[in-house]
Amino acid sequence: MTLTQVWGALLIFILCPLLGGLPLISWITYLLTRRQLSQVGTGNVSVSAAFYHGGRWVGILAVLSEALKGIAAVLLARYFFPREPTWEIIALIMLVMGRYWMGKGAGTTNVVWGFVVHEWRVALLVFLIGGIGFTIIRDRTTGRIGVLVLFPLILALLHPDDFARIVSAIALGLIIGWIYQKIPDDLDLPTEQAKSESQSVFHFFRGDKAIIPLERELDPQKVGAKAATLSQLKRWGYAVPKGWVLPPGDDMEPLVKYLPVSESEPLVVRSSAIGEDAALSSAAGQYQTVLQVTSRPALQEAITQVLASYHNPAARGYRRSRDLPDTAMAVLIQKQIQGVFSGVAFSRDPIQQKQDTVVIEGLPGDATRIVSGQVTPEQYRVSFPESGLVGAGLTDNIQEKTDNSTKPAPQEESGSNVETRHGASGSGETAQVEGQGDVPSALVQEVAILARELEDRYHGIPQDIEWTYDGQQLWLLQARPITNLQPIWTRKIAAEVIPGLIRPLTWSINRPLTCGVWGEIFTIVLKERAQGLEFNQTATLHYARAYFNATLLGDIFRRMGLPPESLEFLTRGAKFSKPPLKCTLRNLPGLFRLLGREWNLDKDFEQDYQHHFAPALSQLQEQPVSELSDAEILERVNQILSELQRATYYSILAPLSLSLRQALLKVKDKELDNSQTPEIASLRSLAQLAHDTRHLLSPKQINCDNRASVFTSLSEIPDAQSVLEQFDQFLTQYGYLSDVATDIAVPTWKEDPRPIRQLFAQFLCDPPPATKPPKRQRWKAEVVQARLNLKGQVTEVYSQFLAQLRWSFVELEKHWLKSGLLSEAGDIFFLEFAEIQRLMAETDGVLREELPRLINYRRSLLDEHRQLVSVPPLFYGNPPAVSLLMQTQSEPAQQRLVGIGASAGQVEGWVRVLDNLQSVPEIDRQTILVVPYTDSGWAPLLARAGGLIAEVGGRLSHGAIVAREYGIPAVMDIHNATQMFRNGQRVRIDGQSGIVEVLE
């Protein structure tokens, strides 16, 4: 390359982007119209924007200015590289990049006219083929893609040996295609708002076919959710009446002239406003619907009425009340079905919030009688067995209610997705139908099945559907989310992360930490697409128990290109469906960023441990909290919270990383060694101490009937003083553990060592089985083992910080008890952290005055929530009232229950129900413990039992790990187990399959 060419290359890479970014279109438009294109419409500074906002002459001048840019870039490259035409395309690439980065445009005009100079034959052929194709197809997206493909394709046909030139042309096409995805299109703006002389041009280049059938894929942002949803349902194979869509701003004349309409083929004209039938705003009844349209003049009038209804005062008020923007309305025209029976259905009861109930309202005749509210419909309630839906289908037993034949058509002729409908369950159980009326029971069941199936289709979001049955076919007229059943709250996972009843102080600290870290993890993947997501709504308290926002998490996972059940897959082994390929590909860069974090997790933790965690813990241990003032304690708390924020990241990501690796590599639990987890390390240490102590005591001194006497005996033996010292060292090392490691309101072992003393005595009387040294691991197990060890280290650090946080608040409470600010031990945990800060700052006199009443109220509320027989593991929208839950009687245990198998083995024994660890019963290897949850503090008890049944938890929960350590069969996730089982019941549990059988 000569020096002249070097200068040429520099000019191309510097001057062409600047030339592309030169805002000539903006200057021309402002000079002639005084309008700033960047502040109107889509904000694009493009040729189409110039035509739209400036008119014909502004648009023509804009075309000329951008054409000159493209021609100039090609001539510049040709001057320096007369025999290397590849540089001319490179110059266009740089021009386009500058046009996008600085000029807010796509650069299409630049490229088209640049190619006229670069290779006129290619430009001519693309113009002829693309122009003819677009005129015939009239689809803007297809036309754009076609042109981007034609340029490199024709160039390759004319110059097959010029590889570099062809590759450059392909790169140019890909870049422009990428830019199309990044910027909005002015052609999407309503045509009628464009300059009058430009409207005909916009009508053509919008590419909208005059007739848009419902079978086409539709964008809800352009034609509204109602039309887009029905289009999707029809493409899925459901029986949706044939229909057509008139987008906002389109001319209705072609549609009116084309559609078949007569007395024998009546049409219905409906609204499909942008924002209507959305997740949080249904707009039900706000816009006009016109039925029985039987002529073309009536069709034109009906469309006009529906469009006018968008501007009704009531509709405007509705949008304002829900902060919805005034956008536009599409019109949906469908063939009207003459219904024999019609109605609506709710896949979940929107009033009583019964999870297993579908509510159906129906009557003989047309569906509009129901939705109009002028007729009281018949109501039916369909309850499905927990095992799922049944593919009952319409049967030949539908009783004839009219002169029309009501016998259903064969399923093969149905427009519904028969395979999906009948695949909803293989249980063979029948649904229970409540309610009597004219609508046949089999039809009621079919509608209920359809409603639940659509709920599954839409990621578990409850659906409100409108349906009609014409005597042969069940038709789906509408489907939309039930707005008052949002969001969906779930106890699964949340109950394992932070189980039990939660006090305000614990939640005010845990919630921002947990939600903040989840937000950080999600933002790693989503980047700018995370804007608008309320990560602080990831979790909340209901009935003093933690719930996760399944609706929000599902939305986040779908944005990430993951299935909505991904979190349960990672933590609980739930079935993992395949995510949409397109969404996954879009998120690959973000997923790779997250994978990079996962890959370096151990290195990052080690670095943070050396520079942050270890020094902070050492400083906290060296500085007794009892010597600090109130202000110093608060400073200590803030220091701990700062470290906890960093540690929470690892406490969430390490278990997820472990679960993911174990699932992908298919490593079994028995291949792993849990010795580095705090719960197992503490048990093994205590068991070893008991083993070393046994020779110091005679059989008489080891009184297994009175285990409390063991420590009395040890205190009387001079040689056993070292044992007592070692026991104290054990409490120093593991005293940060508690019944619920994540709840700072629960005393630690250091504060209440009674469970550990009992377990030590148990180990003396009944030594645990010797721990077998781990076998040599295969490489897959070693990979997973590394993450298991990391999880143990993270748990230890996280739990130690939480213990230090608890001890700091306990000390502060002692100060406030002495001063009279608080009156009872434990009061401080009924305050939120922000309230403690305000009390310390003495800036809230009202709070100080109301403090006794506030604490008493929260205490009584916690007691009320504690009295609940059971809480729902899942509910929709607002939680059911406490009074309603208190009326719910827990059913006795079924003969056979299925949960999550967490520790292999089978055992029979007698049930011992234990709600908490306040009173530890006498248990042995014949005892099957039934508990609400298990945390590290339950380890002393589990080590003495013969089996375990827990209401919540999975294979990685503390109870499961301890159970595997001692070979105790364990089944987790048996909902409401502490209420269903009774003390003394004989049961058999299978920890491999997760089955619990009641024997008596």
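Residues numbered from 1 in each chain as written. Predicted model: local features only at pLDDT ≥ 70, side-chain atom pairs only at ≥ 80, totals over all residues. Heavy atoms only, no water.

As a further point, take the overall build of the protein chain. Helix and strand counts for the protein chain stand at 37 helices and 23 strands. In the protein chain, which comprises 1000 residues, the proportion classed as buried is 54%. Relative to all contacts within the protein chain whose residues are 6 or more apart in sequence, the contacts with residues 24 or more apart total 70%. As presented, the protein chain carries roughly 46,100 Å² of accessible surface, and 54% of it is formed by carbon and sulfur atoms. (Helix = DSSP H or I, 4+ residues; strand = E, 2+ residues; numbered from the N terminus. Buried < 20%, exposed > 50% of the residue type's maximum accessible area, 1.4 Å probe, protein only. Contact = heavy atoms within 4.5 Å. Areas by Shrake-Rupley, 256 points an atom, 1.4 Å probe, with all protein chains shown as cover.)

Right, let's get into a positive patch on the surface. On the surface, a cluster of positive charge is made up of K668, K670, K772 and K775. You can call K668 exposed: its relative accessible area is 53%. (Patch = residues over 30% accessible without salt bridge, like charges linked within 9 Å, V, L, I, M, F, W, Y side chains within 5 Å. Salt bridge = Lys/Arg side-chain N within 4 Å of Asp/Glu carboxyl O. Lys, Arg positive; Asp, Glu negative; His and termini not counted. Charge placed at Lys NZ, Arg CZ, Asp CG, Glu CD.)

Between its terminal C-alpha atoms helix α14 (residues 296-309) stretches 20 Å, which fits the 20 Å expected from 14 residues at 1.5 Å a residue. Considered for burial, the residues of α14 that qualify are L299, A302, I303, V306 and S309. Relative to the axis of α14, the buried residues are bounded by an arc of 125° and lie together on one face. (Expected span 1.5 Å × (residues − 1). Arc of directions from axis to C-beta.)

Now for the pattern of salt bridges. Under the counting rule described, the total for this entry stands at 31 salt bridges. The closest approach of N and O atoms between R121 and E119, which form a salt bridge, is 3.2 Å. When its relative accessible area of 36% is taken as the criterion, R121 is described as partly exposed. Judged by relative accessible area, E119 falls into the buried class, the value being 7%. Between R866 and D863 there is a salt bridge whose closest N-O contact spans 2.8 Å. In this pair, R866 and D863 both sit in helix α33 (residues 845-866), three residues apart, roughly one turn of the helix. According to the relative accessible area criterion, R866 is partly exposed, its value standing at 38%. Connected through shared salt-bridge partners, E119, R121, D162 and R165 make up one network.

Right, let's get into the nonpolar core. Counting residues in each nonpolar core, the largest one holds 79 residues, and the members touching the most others are I509, L644, F801, L805, F809 and W816. Once residues within four sequence positions are removed from consideration, W816 is found in contact with D630, L821, L822, I828, L831, I836, L839 and M840. Core analysis: the second largest hydrophobic core is formed by 51 residues, A690, A720, W807 and V931 among them. (Core = buried A, V, L, I, M, F, W, Y, C linked by side-chain atoms within 4.5 Å.)

Moving on to a nonpolar patch on the surface. A cluster of nonpolar residues, L3, V6, W7, L10, F13, I14, L18, W101 and M102, forms a patch on the protein surface that exposes about 990 Å² of accessible area. It is helix α1 (residues 3-21) that provides the largest number of residues to the nonpolar patch, a total of seven residues. With respect to the secondary-structure elements, F13 resides in helix α1.

Once that is clear, we can look at the sheet that holds strand β13 (residues 539-542). A sheet is described by the order of its strands in space; here four strands give the open sequence β13-β14-β12-β15, paired in antiparallel fashion. Here the strands that pair on one side only, and so sit at the sheet edges, are β13 and β15 (874-876). Taken over all neighbouring pairs, the strand axes of this sheet differ in orientation by 35° on average, direction set aside. Here helix α21 (residues 550-559) sits on the sheet in contact with β12 (488-490) and β14 (545-549), set at roughly 35° to β14. (Pairing = 2+ DSSP bridges. Axes fitted to C-alpha atoms, helices over the stretch in contact; angles between N-to-C directions.)

Summary statistics for the protein chain give a mean pLDDT of 82 and a share of 83% for residues scoring 70 or more. Between the elements of the protein chain, mean pLDDT differs from a low of 31, seen in helix α17 (residues 418-422), to a high of 95, seen in helix α25 (residues 601-622). Under a pLDDT of 50 for its full length, residues 279-283 has, in the predicted model, 18 contacts with residues more than four places off or in other chains. The low-confidence segment residues 387-429, where pLDDT is below 50, has 92 contacts with residues more than four positions distant or belonging to other chains. (pLDDT = per-residue confidence, 0-100.)

A few words now on the sheet that holds strand β1 (residues 212-213). Each strand in a sheet pairs with another by means of backbone hydrogen bonds, the pair being arranged parallel or else antiparallel. In space, the five strands of this open sheet follow the order β1-β2-β5-β3-β4, with antiparallel pairing throughout. Edge strands, defined here as strands with exactly one partner in the open sheet, are β1 and β4 (290-293). Across the face of the sheet, helix α12 (residues 225-236) comes into contact with β2 (243-246), β3 (267-273) and β5 (329-335) while running at roughly 115° to β3. Its contacts with the sheet put α14 on β2, β3, β4 and β5, and the angle it makes with β5 is roughly 140°.

The amide bond that connects Q486 to the next residue, P487, takes the cis arrangement and shows omega of -5°. Along the chain, P487 falls in the loop between β11 (474-481) and β12. A positive phi is found at K666, a non-glycine position, where the angle reads about 55°. Assessed through its relative accessible area of 67%, K666 is described here as exposed. Here the phi dihedral of D973 falls at roughly 65°; this positive angle occurs in a residue that is not glycine. With respect to the helices and strands, D973 occurs in the loop between β21 (970-972) and α37 (977-980).

It is worth spelling out the packing of aromatic side chains at this point. Per the counting criterion, the structure on display carries 25 aromatic pairs. When the ring of Y79 is compared with that of F80, the centres are 5.0 Å apart and the planes differ by 90°; the resulting orientation is edge-to-face. Taking 5.1 Å as the distance between ring centres and 80° as the angle between the ring planes, the aromatic pair formed by Y649 and Y650 counts as edge-to-face. When sorted by exposure, Y649 lands in the same class as Y650, which is buried. Members of the aromatic cluster, connected to one another through ring pairs, are F605, Y609, F613, Y649, Y650 and F801. (Phe/Tyr/Trp six-rings, centres within 6.5 Å; stacked < 30°, edge-to-face > 60°.)

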